[in-house]
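Structural characterization, general
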Amino acid sequence: MRASLIQIAVNEDESVDSRRHRAAALVRRQAGSDLVVLPELWTTGAFAYEDFTREAEPLDGPTYEVMAKAASDAGVWLHAGSIPERDPDGPVYNTSLVFSPSGELAAAYRKIHRFGFDKGEAVLMGAGQALVTVRLPETTLGLATCYDLRFPELFRALVDAGAETFVLPAGWPERRRAHWTLLAQARAVENQAFVLACGTAGTHAGVPQAGHSIVVDPWGEVLAEAGPDEEVLTVDFDPAKAAATREQFPVLKDRVLGLRPPR
Ligand SMILES: O=C(O)CCC(=O)C(=O)O
């Protein structure tokens, strides 16, 4: 299986609409890949808090339209990263869109863990409630977004729902890059799953982005890692390795569920 992670640069000297069309052109260039991935909130930037509301769009808004067409033009599964999604009856969500190779929406995942503590996304956006998996011919994807990476229980729940390959779009800052790499490997090892983590490059809202998109296999080996700048990271991997690792080294079978704190 071939995956291409588009680590697009999000800088303020480019308009949202121009970046949207540039991203679509990059997706089209990945024809021949099975799965293409874009990062978190790449239209606005994950730290451009003021733009979340201004640039929020309905699920089937301009980014949906452009990305559905790019997926079908390229004939790829497309995880189009996330958008600030305006729910007509509710708040703005940080929502990831996945399109099939014919350009149909296959899944939408609203980020569950919002980043920012008492500011930013944590106060401006609504929290998703639902786990999302997507069945591809070769593997089952489990969806998570950026800060979700810090919450291992989400990934365990995705494993219980059948996930073998986690796809994680992010807008991770450079100053915590060490955590990014470490946690991507940890989620892969503890769940015996692939991790495809796609970040952004560039600087927006004064926050330099980490780049360093990374693909980790179920044994924790780094199969590919990007540098700090805009690039497309392409990797070939055998998705059957998740089931094989779980079979050969069956730690997931030794889980003890329902542990309680001491009384
Ligand atoms: O957890 C972190 O260090 C970064 C998280 C983040 O930037 C986000 O979720 O947007």
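What comes next concerns the included structure. (Residues numbered from 1 in each chain as written. Predicted model: local features only at pLDDT ≥ 70, side-chain atom pairs only at ≥ 80, totals over all residues. Heavy atoms only, no water.)

1. Some remarks on the overall build of the protein chain
Of the regular secondary structure elements, the protein chain holds seven helices and 15 strands. Relative to a compact globule of 263 residues, whose C-alpha radius of gyration would be 18 Å, the protein chain shows 17 Å and is just as compact. Its C-alpha atoms give the protein chain principal-axis dimensions of about 50 × 50 × 35 Å. For the protein chain, the share of sequence-separated contacts (at least 6 apart) that also reach a separation of at least 24 residues comes to 67%. For the protein chain, the separation between the mean place of its 26 positive charges and that of its 36 negative charges on side chains is 5 Å. (Helix = DSSP H or I, 4+ residues; strand = E, 2+ residues; numbered from the N terminus. Rg over C-alpha atoms; globule rule 2.2 N^0.38 Å. Contact = heavy atoms within 4.5 Å. Lys, Arg positive; Asp, Glu negative; His and termini not counted. Charge placed at Lys NZ, Arg CZ, Asp CG, Glu CD.)

2. Focus on the pattern of salt bridges
All chains considered together, the criterion is met by 17 salt bridges. The salt bridge partner of R22 is E230, with a shortest N-O separation of 2.7 Å. Pair noted here: R22 is in helix α1 (residues 16-28) and E230 is in the loop between β14 (222-225) and β15 (231-236), with a separation of 208 residues, a long-range link. Shared partners join several salt bridges into a network, and the residues in it are E14, R19, R22 and E230. (Salt bridge = Lys/Arg side-chain N within 4 Å of Asp/Glu carboxyl O.)

3. Focus: the site of the ligand
Every residue lining the ligand is accounted for by E40, F47, K111, F115, C146, Y147, R150, G171, W172, P173 and R176. Between the ligand and Y147 there is a distance of 3.0 Å, counted from an oxygen atom to a backbone nitrogen or oxygen. In isolation the ligand has 300 Å² of accessible area, and contact with the protein removes 99% of it. By residue class, the composition of the shell around the ligand is six nonpolar, one polar and four charged. (Near = heavy atom within 4 Å. Polar contact = N/O pair within 3.5 Å; in protein donor to acceptor, adjacent residues only side chain to side chain. Areas by Shrake-Rupley, 256 points an atom, 1.4 Å probe, with all protein chains shown as cover. Nonpolar A, V, L, I, M, F, W, Y, C, P; charged D, E, K, R; others polar.)

4. A few points about the packing of α1 against helix α3 (residues 62-74)
Close contact between α1 and α3 brings their axes to 8 Å; oriented N to C, the two are set at 15°. It follows that α1 is roughly parallel to α3 by the angle criterion. As α1 packs across α3, the resulting crossing turns out to be right-handed. In this structure, α1 uses R20, H21, A23, A24, V27 and R28 to contact α3, whose residues at the interface are P62, T63, V66, M67, K69, A70, A71, D73 and A74. Classifying every residue of the contact of α1 with α3 gives nine nonpolar, two polar and four charged. (Axes fitted to C-alpha atoms, helices over the stretch in contact; angles between N-to-C directions. Parallel < 35°, antiparallel > 145°, perpendicular 65-115°, else oblique. Left-handed = near helix turned anticlockwise from the far one by under 90°.)

5. Notes on the nonpolar core
L35 and L143 are the most contacted members of the largest nonpolar core, which has 49 residues in total. At five residues, the largest contribution of residues to this core is made by strand β10 (residues 194-198). For L143, the contacting residues outside a window of four places in its chain are H79, V98, A107, Y109, V132, V134, L158 and V167. Of all hydrophobic cores here, the second largest spans 23 residues; its members include V36, L38, M67 and L78. (Core = buried A, V, L, I, M, F, W, Y, C linked by side-chain atoms within 4.5 Å. Buried < 20%, exposed > 50% of the residue type's maximum accessible area, 1.4 Å probe, protein only.)

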